[in-house]
Amino acid sequence: MSDCLFCGIVEGRIKGEVVYRDNSVIALKDVNPKAPVHILIVPIKHIATLLDLEQGDKGLISEIFSVANQLAKQQGISKDGFRVVVNCGAGAGQSVFHLHFHLLGGRSFSWPPG
Ligand code: 5GP
Ligand code: ZN
């Protein structure tokens with residue numbers, strides 16, 4: 001999608017600090033981090049929201065959590081705990097309508113989230 005920020009980063013039209021890439025997923029540093037480690041794990045395929053996932057995307061979701069596991073260890077946040085968050089819809093704070101998983105760590109987190 002030409003007007004989508006994350007499609008632009010996936011295709012290299014828009015700059016992004018990419019820390020991981022394979023055939024189905026990229027991961028990049030969030031430009032406005034909410035924690036010392038804040039990485040966005042983004043499917044290459046344009047999927048607007050979690051509600052737009054289809055049966056055929058099951059492998060993709062498994063891959064995303066596998067990348068989260070790997071990056072949490074690589075980024076040194078696995079021992080102290082970290083969070084993986086999906087905001088679905090504007091009411092939950094979604095601002096970029098290309099599905100992404102926030103990987104957050106390096107500080108303590110309160111519960112429930114705000
Ligand atoms: P959402 O609010 O949709 O759950 O998350 C979107 C995230 O994208 C936000 O944390 C925001 O800081 C991040 N973001 C917005 N614009 C850019 C950008 O141009 N580059 C990167 N790397 N992250 C961005
Ligand atoms: Zn997109």
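The residue numbering used here restarts from 1 in each chain and proceeds along that chain's sequence as written. To label them, take the chains in the order written and letter them from A, then take the ligands in the order written and number them from 1. Reporting of local features is limited, given that this is a predicted model, to residues whose pLDDT is at least 70; pairs of side-chain atoms are given and counted only at 80 or more, and all residues count toward the totals for whole chains, interfaces and linings. Only hydrogens and water are removed before side-chain values are computed, so all heavy atoms of the structure are retained for them.

Asker: Sorry if this is basic, but what is going on with the site of ligand 1 here?
Answerer: D30, N87, G93, S95 and H102 are the nearest of the 17 residues found near ligand 1. Pairing of N or O atoms within 3.5 Å defines a polar contact, subject to two protein rules: one partner must be a possible hydrogen donor and the other a possible acceptor, and residues neighboring in sequence count only if both atoms are side-chain atoms. At a separation of 2.5 Å, an oxygen atom of ligand 1 approaches a polar side-chain atom of D30. Within the contact set of ligand 1, a nitrogen atom lies 3.3 Å away from a backbone nitrogen or oxygen of V31. Every definition here rests on a 1 Å grid over the protein atoms only: cavities are sets of points where a 1.4 Å probe fits but cannot get out, pockets are open sets enclosed by protein on both sides within 12 Å along at least five of seven lines, and lining residues have some atom within 4 Å of a point. Assignment of a molecule to a cavity or pocket requires that more than half of its atoms lie within 2 Å of the corresponding grid points. At a threshold of 2 Å from the grid points, most atoms of ligand 1 map onto the largest pocket. Elements supplying a minimum of two residues to the shell around ligand 1: α1 (5–10), β2 (25–29) and β3 (37–43). Here a residue is near a molecule or strand as soon as one of its heavy atoms is found within 4 Å of it. Secondary structure elements follow DSSP: runs of H or I no shorter than four residues count as helices, runs of E no shorter than two count as strands, and numbering proceeds from the N terminus.

Asker: Before we go on, may I ask you to explain the nonpolar core in this structure?
Answerer: In a soluble, globular protein the nonpolar side chains are often hidden away together inside. By nonpolar core we mean a set of buried residues, namely Ala, Val, Leu, Ile, Met, Phe, Trp, Tyr and Cys, connected to one another through side-chain atoms within 4.5 Å. Any residue under 20% of the maximum accessible area for its type is buried, any over 50% is exposed, and the rest in between are partly exposed; the area is computed with a 1.4 Å probe on protein chains only. One finds V25, I39, I41, L71 and L103 to be the most contacted residues of the largest nonpolar core, which totals 17 residues. Top contributing element to this core by residue count: helix α2 (residues 58–74), with 6 residues. Whether two residues are in contact is decided by their heavy atoms, any of which lying within 4.5 Å being enough. Apart from residues lying up to four places away in sequence, L103 is in contact with V37, H38, I39, I41, A68, L71, A72, I77, F82, R83 and V84. Residues F6, C7, L28 and V42 belong to the second largest nonpolar core, which totals 10 residues.

Asker: I'm lost on the pattern of salt bridges in this one. Help?
Answerer: Should the charged atoms of two oppositely charged side chains come close, the side chains can pair. What makes a salt bridge here is a side-chain nitrogen of Lys or Arg within 4 Å of a carboxyl oxygen of Asp or Glu, nothing more. On inspection of all chains with the given rule, the structure shows 3 salt bridges. A salt bridge links K45 to D57, with the nearest nitrogen and oxygen atoms 2.6 Å apart. Of the two residues, K45 sits in the loop between β3 and α2 while D57 sits in the loop between β3 and α2, which places them 12 residues apart along the sequence. Overall, D57 belongs to the buried group, its relative accessible area being 4%.

Asker: Would you explain the pairing of β3 in this entry?
Answerer: Along any regular strand, the residues point their side chains to alternate faces of the sheet. Most of β3 sits inside the fold, with 7 of its 7 residues counted as buried. Side chains V37, I39, I41 and P43 of β3 all project onto a buried face; the interleaved residues H38, L40 and V42 project onto the opposite face, where all are buried too. Each pair of strands is called paired provided DSSP finds at least two bridges between the two strands. Sheet topology note: the β2/β3 ladder contains 5 bridges and is antiparallel. Opposite I26, over in β3, you have V42 as the bridge partner. Pairing analysis gives 5 bridges linking β3 to strand β5 (residues 101–105), with the strands arranged antiparallel. Bridged to I41 within β5 is F101.

Asker: I keep staring at the coordination of the zinc ion (ligand 2) and nothing clicks. Help me out?
Answerer: Each pair of donors in an ideal octahedron of six around a metal sits at 90 or 180 degrees, and each pair in an ideal tetrahedron of four sits at 109.5 degrees. Metal sites are built from N, O and S donor atoms within 2.8 Å, or 3.2 Å for Na, K and Ca, and they leave out water, so they may look incomplete. Surrounding the zinc ion (ligand 2) are the protein donor atoms C4 (SG), C7 (SG), H46 (ND1) and H98 (ND1), which sit 2.0 to 2.3 Å from the metal. In this structure, the zinc ion (ligand 2) is surrounded by 4 donor atoms whose angles at the metal cover 104 to 117°, and the resulting shape is tetrahedral. Considered as a linear motif, the donors of the zinc ion (ligand 2) on their single chain read C-x2-C-x38-H-x51-H. Placement of C7 in helix α1 and of H98 in the loop between β4 (82–85) and β5 is noted, with a sequence separation of 91 residues between them. The class for H98 is buried, based on a relative accessible area of 0%. In short, tetrahedral needs four donors with all angles between 85 and 135 degrees, square planar needs four and octahedral six donors with opposite donors over 155 degrees apart and all other angles between 65 and 115, and whatever is left is irregular.

Coordinates in, geometry out; function isn't part of it.
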